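Per-entry structural report
Chain residues, written in single-letter form:
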Amino acid sequence: MDLALDPPRRSRFAVVSHGHSDHIARHLAGVASPATIALVARRLGVCRLSPLAFGDHLERHDHRIWLAPAGHVLGAAQVVVDAPDGRRLVYTGDFSVRARETVQPASPIRADVLIMECTFGLPRYVFPPDEEIRERIRAFVDRALADSGAPVLLGYALGKAQEAMALVSQLGYPVYVHPSVAQFAEVYLSFGVDLGQYAVYEGQIPPGLPRNARTLYLSGWALDRSTKFRIGVDEAIPLSDHADFAELVHFVKQVQPTRVYTTHGPSAFADHLRRLGFDAQHLGSHQPALF
Ligand SMILES: [Zn+2]
């Protein structure tokens, strides 16, 4: 089909699943969701991809390409390719099945071939319920303020930061964001996502606000006890924009593929799928990223 899925190098025709920097490049042509195109343009200054909205489709070499929500960051999409003989391929991109403040979750789509990320594809990576995560974030903010500290939430500038903005503003606190976060927040707002009230932090702490920072890192990697020390923060909470191990396995069972390719995670996840009876193969190693 002369079709590349999230190719890391400039390609003639690419489908880009979402706007994180390890999934984008300066492609000559291709498609992505309208929000992904806006985010790529914000990062690279220009984006030559054509918009493909959820619900629309594109015909290419007798195949039909369409996108469905992936629940990861604004615009993140699963890529579906329907072949003329009825076979279907689904590429998840990075995905999460949990309801979020800022994105629609991924729903499994029946497919013959599934290419999926498996970032948290080890049994020890099972995230707590969202209620518990929200409560822990609230407790951290309250505790910092009670100690006359400034709660500082750290997370990837695209996706995690906007989810944190929405969560914390719901707690009723004033939110200040780094300019790197604000540039992507503007794109969220332009697509109608409510992030609550916020101001851009320009390096000067406004009068009346506490000055000693208490830091919180928001990442699925918080499940590793070493993360807190590796990042050098006071606390780490596993708010993730990926599926956890149990969610990955459940997702595969619902897709019911005859073949699974895994990527962006441990090869042990494909081993696990084979033990469950799936024809699964890992597509090469990838260094886990910090988001
Ligand atoms: Zn991503």
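The structure under discussion appears in the preceding block.
Quantities reported herein were computed from a predicted structural model and do not represent experimental measurements.

Around the zinc ion, the protein contributes the donor atoms His18 (NE2), His20 (ND1), His72 (NE2) and Asp94 (OD), which lie 2.2 to 2.3 Å from the metal centre. What the four donor atoms of the zinc ion show is an angle range of 91 to 164° at the metal, which sorts the shape as irregular. As a motif over one chain, the donors of the zinc ion read H-x1-H-x51-H-x21-D. Highlighted residues: histidine 18 in the loop between strand S2 (14–15) and strand S3 (30–32) and histidine 72 in the loop between strand S6 (63–69) and strand S7 (77–82), separated in sequence by 54 residues.

Here the focus is the sheet that holds strand S4 (residues 50–51). If you trace the four strands from one edge of the open sheet to the other, you get S1-S2-S3-S4, paired in parallel fashion. Both outer strands of the open sheet, strand S1 (4–5) and S4, are each paired with one neighbouring strand and no more.

Another aspect to go through is helix H7 (residues 268–275). Three or more residues of H7 are buried, namely Phe269, Ala270, His272 and Leu273. Considered in projection along H7, the buried side chains sweep an arc of 155° and stay on one side of the axis. Of the surrounding elements, those touching the buried residues of H7 are strand S9 (113–117), helix H6 (245–255), strand S15 (259–263) and strand S16 (280–282). The positive-phi residue at the C-terminal boundary of H7 is glycine 277, with phi of around 100°.

Here we take up H6. Of the residues making up H6, those classed as buried are Phe245, Glu247, Leu248, Val249, Phe251, Val252 and Val255. The inward-facing, buried residues of H6 contact S7, S9, S15 and H7. For H6, the side-chain oxygen to backbone nitrogen distance between the N-cap and alanine 246 is 3.2 Å, and the N-cap itself is aspartate 244. At the C-terminal side of H6, glutamine 256 shows a positive phi close to 55°.

Quick look at the sheet that holds strand S14 (residues 235–237) now. Taken in spatial order, the three strands line up as S10-S13-S14 in an open sheet, and their pairing is parallel. Either end of the sheet is taken by a strand with one partner, and the two such strands are strand S10 (149–154) and S14. Strand-to-strand, the axes of this sheet are offset by a mean angle of 30°, without reference to chain direction. Here six bridges tie S10 to strand S13 (residues 212–218), and the two strands are oriented parallel to one another. The residue bridging leucine 154 from the neighbouring strand is tyrosine 217, located in S13. Across the sheet, helix H2 (residues 130–146) touches S10, S13 and S14, and the angle it forms with S10 is around 145°.

What follows concerns the pairing of S6. The element S6 is extensively covered by neighbouring structure, given that five of its seven residues are classed as buried. The sheet contact formed by strand S5 (residues 57–60) and S6 spans four bridges and is antiparallel. Residue histidine 57 lies in a different strand from S6, and its bridge partner there is tryptophan 66. Here S5 folds back onto S6, and the loop between the two strands holds two residues, one of which, histidine 61, carries a positive phi near 50°.

Here we come to the packing of H6 against H7. Their axes nearest at 12 Å, the elements H6 and H7 cross at an angle of 50°. By the angle between their directions, the pair H6 and H7 is classed as oblique. Remark: the crossing between H6 and H7 carries right-handed chirality. The segment H6 lies against H7, with Phe245, Leu248, Val249 and Val252 engaging Phe269, His272 and Leu273. Each residue belonging to the contact of H6 with H7 can be placed in one class, and the counts come to six nonpolar, one polar and no charged.

Rules of the game
Residues numbered from 1 in each chain as written. Predicted model: local features only at pLDDT ≥ 70, side-chain atom pairs only at ≥ 80, totals over all residues. Heavy atoms only, no water. Donors = N, O, S within 2.8 Å, 3.2 Å for Na, K, Ca; no water. Tetrahedral: all angles 85-135°; square planar, octahedral: opposite > 155°, others 65-115°. Helix = DSSP H or I, 4+ residues; strand = E, 2+ residues; numbered from the N terminus. Pairing = 2+ DSSP bridges. Buried < 20%, exposed > 50% of the residue type's maximum accessible area, 1.4 Å probe, protein only. Arc of directions from axis to C-beta. Contact = heavy atoms within 4.5 Å. Polar contact = N/O pair within 3.5 Å; in protein donor to acceptor, adjacent residues only side chain to side chain. Axes fitted to C-alpha atoms, helices over the stretch in contact; angles between N-to-C directions. Parallel < 35°, antiparallel > 145°, perpendicular 65-115°, else oblique. Left-handed = near helix turned anticlockwise from the far one by under 90°. Nonpolar A, V, L, I, M, F, W, Y, C, P; charged D, E, K, R; others polar.

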